[in-house]
Each structure stands twice: as C-alpha cells, then as structure tokens.
Amino acid sequence: MKMIAAQALVKALEHEEVTTVFGYPGAANAPIYDALSKSTIKHILTRHEQGAAHAASGYARVTRKVGVCMATSGPGATNLITGIATAYMDSIPLIAITGQVSSEMIGRDVFQEVDITGATAPFCKHNYLIKSAKDIPKVIREAFHIASTGRPGPVLIDVPIDLQLEEIDFQYSKGPDIRGYKPTYKGHALQIKKIVEAIAESARPVICAGGGVITSNATAELTELVEGLGIPVATTLMGIGAIPVPHPLCLGMLGSHGVRAANLAVAKSDLLIVIGARAGDRATGQTDKFARQAKIVHIDIDPAEIGKNLGTNIPVVGDAKIILQQLLNYVDEHYKEKHYKTQWISTITQWKNAKPTNNIKEDGNNEQYVNPKYALSVLSEVTKGETIVVTEVGQNQIWAANYYQTVYPGGFLTSGGLGTMGYGLPAAIGAKVGSPEKTVIAIAGDGSFQMSMQELGTMKQWDIHIKIILFNNYRLGMVRELQKMKYQMNYFAVTLEGSPDFVKLASAYDIPGEKITNNSKVKEALDRALSYQGPYLLEFIVDPEESTL
Amino acid sequence: MAKHTLSVLVENHAGVLSRVAGLFSRRGFNIDSLAVGVTEDPNVSRMTIVVDGDDYTVEQVTKQLNKLIDVIKIRQLNPSDSVARELALIKVTANSSTRPEIIQIVDIFRAKIVDVSKNTLTIEMTGVADKIAAFEEMLKQFGIKEMVRTGMIAIERGNQVIKIGSSEESE
C-alpha cells in the first residue's frame, strides 16, 4: 500500500496496538501529527515534552504495554531527555519519536536542530536516526520489540521531516530477527539446582525483590515460593509491590532509606537471593559491608547487572517469573516441610513488630502540622492499598515508600534510579489514562510539584481525575535534611518562598482542594478527596523538621 | 594492569563506532587501542579493542558491549593462540650522514622505507606493540618528526573463526 512515511509511521503504531500517545507538536513532526489526526490513536497533549515522556512511562507501567511519546526536533527532543533517562534507569518500555530537520540539512546547525540520537545514546536501550523512509515500518517493529523484551527500556526514533513526507510502500512484518539481540529467559538448570541446595543449607535466607519481579509479573510465583519455605522478602524501591506490603513475610524496603527490619534481616542473613534488582548503591550502601555473612544469589535478565555492583556466588541470567517457576518445580511438600525456616520467621517477625510501618499513631496534638507518615498510614487504611500511588522525589517519596502499603505490583510508581523531581504528576496522568478504572493518587512535595505543575492543564483538558496529595513544608525537605546532618545546618537555597497558594492554583484549573494543618482532620479530608467524583488536591502542611525516616 | 584483546563483530552501520567509544568513556573503561574495518561480509565490521584492566573490567566491558544492539559477537582472544599486528608509519629526520645507519636499523627490524626526501625517511613498520616500541626507541636518536599507528588488529590461529549466529566457538 502506497502512502507517505508519516502515515506509515502512524499505521505501524496502530499495528503495534498503540491506542494512546503523549506528545507535543512542532514543525519537524507536523506530518506525523497530520497523519495522527486521521488515526484512531488518541493523542494527549501535555504542557511540556518532559511531561509527555513521564506520562508515557506511567502509562507503560500500569498497562504493561509500551508507552509512546512524541516531540519535535531540537528543544522538543531535548525536553524528552529527562523522561527517557528516567525510563532507562527504571527499565520502562518506552518509544520516543522525534521529528528531525530535513536530512540534507543535518549537521549544519539549522533552526531547531540537535543530535538527539547522539545525546540520548547513553541512556537509551537503542536508538535510530532514520536514513531512508522505507525503513520506517521495520524500525518501528524493531523498536517495539527491543523496548518491550529482555530488560525493557526506552528506544528513540528520530525522523527527518523530508523523509516523513516521502511516499513509501507500506508493509508490516511481525517478529524482527536482530542478530545482536537475543535475551535469555530461561535460567540455567544447573544454577537453579544450586539455588535449591543453597536454600536447603541456609538457616536465614532473605529474598531481595526488585523491579524485575514486577516487570516479569512474577508476584504469584514469588509469593508461593516464600510462603512455602518461610523466606522473608525485602524489596528495593522499584520492587515495592512485588509482594503485598502487608504480607507477613514482607520486610519492607531495604537500604539507606529503608526500614530497620529489612536491613537487619539482610545483615544477618546467610543466603541473599537478589531477584530482578541491580543492587544499586541506595539499596546496598557500601557493598563490602552488605550482607557480609550471606552467600549471594543474583537472578537478573540483564547479564551485565550480575557482578557489576555485588560479588555473586550463584549467578543466574533469565526472566524472574520463569526462574521462580523453575525453582518451584523443585519445591515439593517434602522439601517445604524439611526446609521451612520456622525459627528465622519468628526472629524477623519480632524485628518487624518492634517498629511497624502500619497503623502509625498521630503523634501529639500538634495544631500546626500534619504528620506525613500518619497521613500515609491513614491513606493505606482508607484505600486498603488498592489505589495506584505515584510519587515525586524527595521526602515525599521515602515517606510513601515506607508508609503507604500497596497490595499489588504496579500499585506504587516512582522514579527509582534517576530520582527525577517532576516525575510524579505526569506519570500519574499516564497511569490514570492507562488504568481509568483505578484511583490514581499523586504524592508530591511542594518542591517537586512545582517542577511539573503545568500538567494540571493536561489534567483539565483531558478530564483526567487524579487525586493529588501535596506535602507542603515550604522547603526542599530532603536537601535541607542533608544540610542539617552533613553541612552544619548551613541551610542554603532550600526555602521555597514565592510558592503559590496551591489550593487556589488548583482552583484556577477547576480542581477542588483544601489545606489541612492538623492530624485530626486527615482522615475526613482523605475520605472527601477519594469519594469526590473528579480530581482533587489535598495540601498537607508538614513540619520542616519532619525527618525522612 | 594486564592487556586484553577483544574481537568485536558489529553491524556495519553509521554510528556504531560512536556507540562503542561512548560506552568506554561513560563506564570509565580504558581503551589502549581500537581498530575497525569491514570483514569478509560487507554488512559486518570487526573491531579489535585492546583493553587495559583486570578480569572484572574485561567482564564488564564484554557484558556492556553485548548490550549494544549493534554488537553481534564478542570474543576475547588468547594471546598464545592468536596473531596480532599493528602498522606504524614513522617519519624520521635523516641526512646523508645518518641515512645509512637508519637503513641498517630498518633492515634489522624488517621494516620498509616508503618515502624518502633530502632530510627525512618515512618508514613502514608492522609488528606487535613491543616490537614497534623497540623500533621507535632505536629511531629516537635520529629525531622522530611524526608517528602514526593503526592500533592492534588480531586474528585467531588455525581453523578457529568467529562465526555469527552460532554458539559454536570454532569450526
């Protein structure tokens, strides 16, 4: 079928079952937008290209599909960069399609020209600069394949405008064969056996579950394994939800910003099974002091992660779900009975109970401030952990990570690896678009909220009903805390004077809201926000001295 | 630190070299030399990369290179089981009194004179890095005006080949 390449590109997206794209038009991608207007694909115009990338990322996480974002050349493309890097660090399948200046002008620094494939190469799984219009359908197929398989990640496609307008013969074939790209899914049988033996020999095993468990949808297998054998699970920031947080075997998040029970269990363990996690510095601290007594098993789909940060005794390359299934094949009733870690479970339960992260009591009768840990604990109660919570970055992120108790994988979305302020609101928009039947709650601080608050316009334009919980301490709380601890309380550049009245700001977008300054009002306010048919903003005023942990 | 030779088969596309080079700088790996050219298959280029580092570094380099979609296959070459060569062109100051001695050294090293002028000799030298270094050392006394080197290329001995699309390591 003959058509111009821009139409072919949109048609290829339809073949990939794309129903929604997030983007921002400009001169260099105008032919694609022209074709998009005649497509069944819904285009959501954000207020900034970075918002489009984060929205596509949030959409990808809740739908388990590839998220698609678009931007024009030059600044449009560079504005996507933070979103692409965020998705790369968190292994989110994302396709970014950028317009480029005319191919014969490339390299001459013409208006809105930038080398976006060069710029994004360090944090893209792969990228393409289209050289010939007829390659477009094949490249789109390859890009979706690469983005969504193996360890997922972002792929950028840069399309010069003259090629968008060229006529090509559209043909779409499934299943690309890329000789340099063959991910391993099944674990090596010998290594699986070694893990089974290691579990049998161990008295104090701990599983560290990362985002890979969620990506591979392995929660059922993980839960079956740990329940059968009595193995506690610590999660990384990205792994929150890999097992329901209220589960008796869930220790919570480990690491420098994690909870005591998780860190204690890892420190005392004699076998640490890391699944779908890259053992990042925030999770492990100094690796030579991490899980010192433990034999380390590392299961990951990306061979390059194994041994990169953490010395490993039993490396296994493959998909978390498949490997857990392989492990379960060995775990029969006899094995379970013989190797159930009764003693260890009672120890870790004591640690958990010593400092619980649920049912936080409102401390004192403070009339000025809301305790964010209490507020998140109440949020867990009233939602039963069944909403999708999307956080910003800063204290709000760690409060939510440790005190909101999500019960399912994909119920807690956050920028884990890159720590991108401004991620939360647009990612929540993407999550709500991808999962309209679910309640989506954006958790923010007053700093991070102001990095993306223009996306309130996107919410209004597209009637996207998100509940926003804004913890306002009039500060960049986490940096302030750092200055308090490490820089002799030399507070500098951390107050946010000049912030707007957030309730009034929301109101300007027809979003109702209220300001709460007292713990006793928190529950009713949350009830009002959640039962309201539409978006809602709750501003909780927080003590600037409130600690992260 | 030890030197390791990696043979890397890559797609013969524009931009592949920059991806590979970028990876090295980004991950803090040290390249001693990198030489690239097309293979018997015009769609495939072969890079010979000499890496300076310990076993951990070489493993990381290999794994990270393998993540690049355009990298098809990587093999670390065993020095005792492969042939490695580098080409150097050296322009050395020469006049009528020093020329005979230089020519003598060139003969001893089995190098070749490829250009001559009133006050220079340009010499082509092929060999392993050590031999080139020794040759360079001998020429220094005459004054080296310019030197250009290709970087190491290497190939395995005997019947062994790096084949695409099979896990067989040799024929």
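Thresholds applied
Residues numbered from 1 in each chain as written. Chains lettered and ligands numbered in written order. Predicted model: local features only at pLDDT ≥ 70, side-chain atom pairs only at ≥ 80, totals over all residues. Heavy atoms only, no water. Helix = DSSP H or I, 4+ residues; strand = E, 2+ residues; numbered from the N terminus. Buried < 20%, exposed > 50% of the residue type's maximum accessible area, 1.4 Å probe, protein only. Phe/Tyr/Trp six-rings, centres within 6.5 Å; stacked < 30°, edge-to-face > 60°. Contact = heavy atoms within 4.5 Å. Buried area = accessible area lost by both parts, 1.4 Å probe. Salt bridge = Lys/Arg side-chain N within 4 Å of Asp/Glu carboxyl O. Polar contact = N/O pair within 3.5 Å; in protein donor to acceptor, adjacent residues only side chain to side chain. Nonpolar A, V, L, I, M, F, W, Y, C, P; charged D, E, K, R; others polar. Pairing = 2+ DSSP bridges. Axes fitted to C-alpha atoms, helices over the stretch in contact; angles between N-to-C directions. Domains from an automatic or database assignment.

(A) A look at the overall build of chain B. A count of helical and extended segments in chain B gives four helices and nine strands. Listed by position from the N terminus, the elements making up chain B come as β-α-β-β-α-β-β-α-β-β-α-β-β. Dimensions of chain B, computed from the C-alpha atoms along their principal axes, are close to 60 × 35 × 30 Å. By residue count, 41% of the 171 residues in chain B fall in the buried class.

(B) Here's a closer look at the packing of aromatic side chains. All names here are of chain A. Within this structure, the stated rule accounts for nine aromatic pairs over all chains. Centroid distance F22 to Y59: 5.7 Å. Interplanar angle 65 degrees. Geometry classified as edge-to-face. Here the residue F22 occupies a position in strand β2 (residues 20-23), and Y59 occupies one in helix α3 (residues 49-63), the gap between them amounting to 37 residues. The same class applies to F22 as to Y59, namely buried. Relative to F540, the ring of F471 has its centre 5.8 Å away and its plane inclined at 40 degrees; by these criteria the two rings are tilted. On the criterion of sequence distance, the pair formed by F471 in strand β18 (residues 467-472) and F540 in strand β20 (residues 536-541) is long-range, its members being 69 residues apart. The pair formed by F471 and F540 is uniform in burial state, with each residue classed as buried. Members of the aromatic cluster, joined through ring pairs, are W399, F471 and F540.

(C) Structural view of the interface of chain A and chain B. Each side of the interface is counted separately: chain A has 19 residues, and chain B has 21 residues. The junction of chain A with chain B conceals about 1,500 Å² of combined surface from both sides, 46% of it contributed by carbon and sulfur atoms. Ionic pairing is found between B:E11 and A:R179, a salt bridge with its closest N-O pair at 2.8 Å. Across the contact surface, chain A and chain B share six residue pairs in polar contact (both at pLDDT 80 or more). Here the side of chain A that touches chain B is built from residues that sort into nine nonpolar, four polar and six charged.

(D) Expanded view of unusual backbone geometry. Residues and elements named next belong to chain A. A positive phi is found at N359, a non-glycine position, where the angle reads about 45 degrees. The backbone of Y474 sits at a positive phi, close to 55 degrees, despite the residue not being glycine. Relative to the assigned elements, Y474 resides in the loop between β18 and α21 (477-486).

(E) Focus on the sheet that holds β2(A). All names here are of chain A. The six strands are arranged β3-β2-β4-β5-β7-β6 in an open sheet whose pairing can be described as parallel. One side of each edge strand has no neighbouring strand; the edge strands of this open sheet are β3 (42-45) and β6 (126-129). Here the strands of the sheet are splayed against their neighbours by 20 degrees on average, with no regard to which way each runs. One ladder, built from four bridges, connects β2 with β3; its direction is parallel. Pairing of G23 across the sheet is with L45, part of β3.

(F) Highlighting the domain arrangement of chain A. Residue and element names in this part refer to chain A. Segmentation of chain A into domains returns domain 1 (2-165), domain 2 (189-354) and domain 3 (372-541). When each unit is reduced to the centre of its C-alpha atoms, the spacing between domain 1 and domain 3 is 29 Å. Taking both partners together, domain 1 and domain 3 bury about 1,900 Å²; carbon and sulfur atoms supply 65% of that area. Together, R47, R61 and V62 form the three largest contributors to the area buried by domain 1 at its contact with domain 3, with a combined 29%. At the junction of domain 1 with domain 3, the criterion picks out zero salt bridges. On the surface where domain 1 and domain 3 come into contact, there are 11 residue pairs in polar contact (both at pLDDT 80 or more). Among the secondary structure elements, those contributing two or more residues to the side of domain 1 that touches domain 3 are β2, β3, α3 and α4 (75-89). Per element, the largest residue contribution to the side of domain 1 that touches domain 3 is 10 residues, and it comes from α3. Within the side of domain 1 that touches domain 3, the residues separate by chemical class into eight nonpolar, 12 polar and five charged.

(G) Structural view of the domain arrangement of chain B. Residue and element names in this part refer to chain B. Here chain B is described as being made up of domain 1 (3-77) and domain 2 (83-153). Here domain 1 and domain 2 have C-alpha centroids that lie 29 Å from each other. Contact with domain 1, which involves five residues of that partner, is made by four residues of domain 2. Roughly 310 Å² is buried in total at the junction of domain 1 and domain 2, and carbon and sulfur atoms are behind 66% of that figure. Broken down residue by residue, the surface that domain 1 buries against domain 2 is led by S33, A35 and T48, which jointly contribute 76%. Inspection of the domain 1/domain 2 interface yields zero salt bridges. Breaking the side of domain 1 that touches domain 2 down by element, the ones donating at least two residues are β2 (30-38) and β3 (44-52). Taken together, the residues of the side of domain 1 that touches domain 2 break down into three nonpolar, two polar and no charged.

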